[in-house]
Amino acid sequence: MKLLERDELLTSLQALLRTAAAGQGALLFLEGEAGIGKTSLLRTFADAQRAHLPVYWGACDPLHTPRPLGPLFDIAAQLQGELQTALYGDGDRLRIFSSFLAEVTRPPTLIVLEDLHWADEATLDFLRYAGRRIGRTHALLVASFRSDEVGPSHALRLVLGDLATSGAKRLSPQLLSVAAIQELIEDRDIDAAELHRKTGGNPFFVTEVVAAGGVGMPATVRDAVLARAARLRPSARAILDAAAVAGPRIEPWLLQELTAAESGSIDECLASGVLCAQNGVFMFRHELAREAVLDALTPTHAMSLHRMVLQALQMRASADLARLAHHAEGAALAEAVLELAPAAAREAAAKGAHRQAAQQFARALRFVSAPTVQRAALLDDYASECQLGGLVPDAIEARQNAVTLWQGLGERSRQAISLARLAHALVVSGRNAESEATMRSALALVENDATGAAAVVVRRWAAHLRMLDRDVDQAIQEGELAKAAAELLGDQESIVHCLNTIGSSLILEGRVAEGCEQLERSRALAEELRSDSGVASAYVNLGSACGEVYRFDLADNYLRRGIEFCNERDIDFARLYQLSWQALVWMYRGRWTEASGAAHVVLAESRSPVIARITALIALGRVRARRGDPAVWEALHEAQELAGNTGTLQRVALMQTARAEAAWFEGRTAEAASEAAAGVELAVRKRHPWFASELLFWCWQGDGSLPGGIPEFCAQQPFAMEISGRWQEAAGIWRALNCPFEAARASMEGDEAAQREALTMFETFGARPMIERMRYKLRSAGVRGLQRGPRDSTQSNLAGLTTKEVEVLGLLSQGLRNKEIGQRLHRSSRTVDHHLAAIFTKLDVSTRAEAVSAAYRMGIISARAP
C-alpha cells in the first residue's frame, strides 16, 4: 500500500535528523491512535536512511508483564558490544543507560523505540535518562506510542510531562482523507466515502479492508484480518496461528521449530500482507491483526501452541524469563509458571522494574490457590513489590491474605512479620488506628521472644511506627534495642531499617546533623546490600524530616536526589511521596509555580499513596491561598478529610496550619484561631517545636489567644518571636531559612521601611491577600505615594498573564483554532493572534502545544486540579 498524506511528517523527520547530525540530537515522540500508521511512517523513513547512517530499532512487547528494558535488548543484539555486556551483566541500570548512549550516538544515528505504551517501567526510566541527554549527541531518537492507550494516569504520561521542558518534540500523523482512501482503492469496487465513514480514516482499518477486496465489508478490523487469514492454505494458516502466539516478533528459527514450515507457506503469509519480514524477524504488519488471530484460536489450540513455544525457547540458554513465564501461563503449566514467574519477578526487581515484578508474582499466585506456605510467601513478595510500585491497596489486601494463611498454617513468626509490614502499609494509607491495632497483634506474637529473627523484624517496625507518630524518644529507644539484637544476628536489613528510624527521630528532635549522619549510614549500607527499598526510604526520611524542621536547604537536596533515584528504579510510592514534600518545600521557599506543578503531578497520579495526596493538597491549598487564587478550600477540605482520619501529628498539624492561614487571609479570624487550636494539644504533647509554635501563632493571629501559653521548647522559634513582637529577629531567621514570604510577613510589624520592603516582596509573589493587608496598613498609618502594583488580572499567576490571556489559554487547551477562539470571545482573529503572541512571550514557548503544557504545569489552567 502507498504511504499517503505523510510528506509533511517525513520532511519534519528529515529536518530533525539533519539537525541531529550537526550535533544537536533530539528526542521525538510520534503519537497517534492504534493503526494511524506510525510504524509504516517510521519504516519508510528508516529505509531511506539506511544507506547513509546506522539505524537501530527496538520495540516493546504487548505481554501481560513486559520484558524489562526489552527495546534495549533488541538494539543490543544489533550492536554486539558494550551494551549487550551491560545488559547481561550485574543489572546496573546507570551502566546500561550510559553504555547505550555511548554506543549508538558516536556517528549520526537514527534510533527507533516502538510502542512505548507497552513499555515497562525500566524502559520508561531509560527514556527519561536518554531524553535529558540526547541533545548532546548526534542522534535522533524517535519513540512511538498509541495515544488512545495513554490516559491521564498512564506511566508514559508522566514521562511526557517530565521531558516537556527538555526539548522533546511531538508529531502526530493525521487520519486519511476521502481523497487518500480513493487513491488507495484505485479501481476496486469500494465506496471511498462509505469506507471513510466506517473507518474514520484510520489507515490500518482502511488498508486491511482494501487488501481484503472490500467484499462483504467487515464490521470490525478483526473480521477483516480473519477474512484474509481464511484465504490462506492450511499450512500457511498454521504458520499464522503459531506466529500470533509466539509474537509479536518471531525469530525464523522459532517459527521453523513450531511448524516445520516450508518456505512456500511462509512466502504465502508474507504475500498476503498479514506477516512481514523486518530486521531479521517475522512480525505481523499490525499488532491488531495478531490480536485478531489470537482471539480466533480455540483455547486448547492456543495452549498447545504456547507449550510448543515454551519448549522451543527453553532450549536456548539466553531465553528471557518474562517471555518464558508468559508462555508457561498460556500453556496452563502450573509447575512451570511457579518456577519461572517468581524468577522473572526477582529479575525485574533487580533491574528496577518493581511494578513488573509485582505482575510476575501475581501471575504465580494465579496458579497456586491451596493454603500453602508457597502461596503465603508469594503473597508477601507480591505485597512488597506492590507497595514499592505505589499499588498500596493491592499490597494491603495481599498482606492481609498472607497473615490469614500464616495463621492457618501455624507459622506464628511469619504471621508476626506479615502483620508488622501490614501495619506500615496501613499507615501510608492513612489508616493509623488500624495500623496500631495490627502492630499490637504482631508484638503479641513475639512477646516472649526478645532477640529471635522474627522478633527483631517486628520490633524494628514497631519502632518505626513510633517515629511516624512522632513519639521520637520512644522510637530512638526501641530502635536502638532492635538494632543491637539485629547486630547479634547479623541481620543487615534490620540494621538498615533501625538506622533509618533512629536518624529520622533525631532530626525531628532537632539534632539534625546527628540524624542525617545515621540516615546516611542507613543509605550507604542499603546500597551495599543492593536494597532499593532501603535506599529509597533513607532519601524519603532525609527529605521529609529535614523539611518538617524547616531545614529546607537540606530537604531540597535530599528530595531531588531521592526522586531521581526512585525515577530510575520504578519506586513510585517513594517517588510520589517525595514529590509531594518537594511541593511543600518549594511552597515555603517561594517557588510557588514549581510547587503547584509538583502537587498537580502527585494528585493526577492514581498510584499516589494517601500520605502523598495529603501533603500535595496542603501545598497546593497554601499556594492558592497565598496567591488569592480560587479553589483553596477544594484542596484543603479534601486534605482535612484524609488527614483527619489519620489522627497523627505530621498529617494533622500540616493540615490545620494550612486551613488556619487560609481562613486568616480571608479575614475570618475566629475560624483561623479555631482551626489552629484543634491541633495545639497534640503538637504540644508530642513536643514538636515547629508544629506547636505555628499553630499557636495562628491562634494568636486569629483572636489573640495562646492556649496554654508558649511552651519553653518553642521559645526560640521564629513563630514565637513574631508573637512576642521580636519581628526583626524573626524576619532574620526566616531569611536565613530561605522563607521569603514568612520574612515579609514578620516585617509587616516593623517600621515603614520594613513594611515597604514587605509590600515589594508580596507584590513580587503576586500574593494578593497580603498586598491588600499591607497597603491598608500603610495607608492607615498615613503613608502616601505607594506605587500601584500589578493589575489584579495579572496577580493570579506568576507568568503575568491577564484575565483575557488566561481565557485564551483555556480555549487553546480545548483544541480550538484562532478563528474559533475569536468567535467564543467575540474578538477578531487578529486580536487572538496578539493575545497568543503575548502568551508565548510570557511563557517562553514557541508553539500552541508548549503553551498549553506550560499552563498546566504552572497551575495557570486549573481544570485538571482536584
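Scroll up to find the structure this text is about.
Before going into details, it helps to say that this report is about the structure given with it. (Residues numbered from 1 in each chain as written. Predicted model: local features only at pLDDT ≥ 70, side-chain atom pairs only at ≥ 80, totals over all residues. Heavy atoms only, no water.)

Here's the deal with the overall build of the protein
In terms of helices and strands, the protein carries 46 helices and 8 strands. Here the C-alpha atoms of the protein give a radius of gyration of 30 Å, agreeing with the 29 Å that 2.2 N^0.38 yields for 866 residues. The principal-axis extents of the C-alpha atoms in the protein amount to approximately 95 × 80 × 45 Å. Every one of the 866 residues in the protein was classed for burial, and the buried ones make up 60%. Considering only contacts in the protein between residues 6 or more positions apart, those separated by 24 or more positions represent 64%. When the 94 basic and 104 acidic side-chain charges of the protein are each reduced to a single mean position, those positions are 4 Å apart. (Helix = DSSP H or I, 4+ residues; strand = E, 2+ residues; numbered from the N terminus. Rg over C-alpha atoms; globule rule 2.2 N^0.38 Å. Buried < 20%, exposed > 50% of the residue type's maximum accessible area, 1.4 Å probe, protein only. Contact = heavy atoms within 4.5 Å. Lys, Arg positive; Asp, Glu negative; His and termini not counted. Charge placed at Lys NZ, Arg CZ, Asp CG, Glu CD.)

Description of the nonpolar core
In terms of nonpolar packing, the biggest core is built from 140 residues, with Met439, Trp734 and Phe762 touching the most fellow members. Per-element tally for this core: the top contributor is helix α30 (residues 572-588), with 11 residues. Contact partners of Trp734, with chain neighbours within four places excluded, come to Tyr550, Trp690, Pro718, Phe719, Glu722, Cys739, Glu742, Ala743, Arg745 and Ala746. Of all hydrophobic cores here, the second largest spans 104 residues; its members include Leu27, Ala76, Leu79 and Ala246. (Core = buried A, V, L, I, M, F, W, Y, C linked by side-chain atoms within 4.5 Å.)

Some remarks on empty space enclosed by the protein
Scanning the entire structure with this criterion turns up 4 cavities of 30 Å³ or more. What lines the largest cavity is Val427, Asn432, Ser435, Glu436, Leu465, Leu468, Asp469, Thr648, Gln650 and Arg651. Where the lining of the largest cavity is concerned, the elements lending two or more residues are α23 (432-445), α24 (453-468) and α34 (649-665). Residue classes in the lining of the largest cavity are distributed as 3 nonpolar, 4 polar and 3 charged. (1 Å grid on protein atoms, 1.4 Å probe; cavity = no way out; pocket = protein on both sides within 12 Å on 5 of 7 lines; lining within 4 Å. Points joined across faces, edges and corners; volume = space filled by probe spheres on them. Nonpolar A, V, L, I, M, F, W, Y, C, P; charged D, E, K, R; others polar.)

What to know about the environment of Pro707
Considering the arrangement of structural elements, one finds Pro707 in the loop between α36 (689-703) and α37 (718-723). Residue classification places Pro707 among the partly exposed positions, given a relative accessible area of 34%. Each C-alpha atom, one on Pro707 and one on Glu186, is 86 Å from the other, the two residues being 521 residues apart in sequence.

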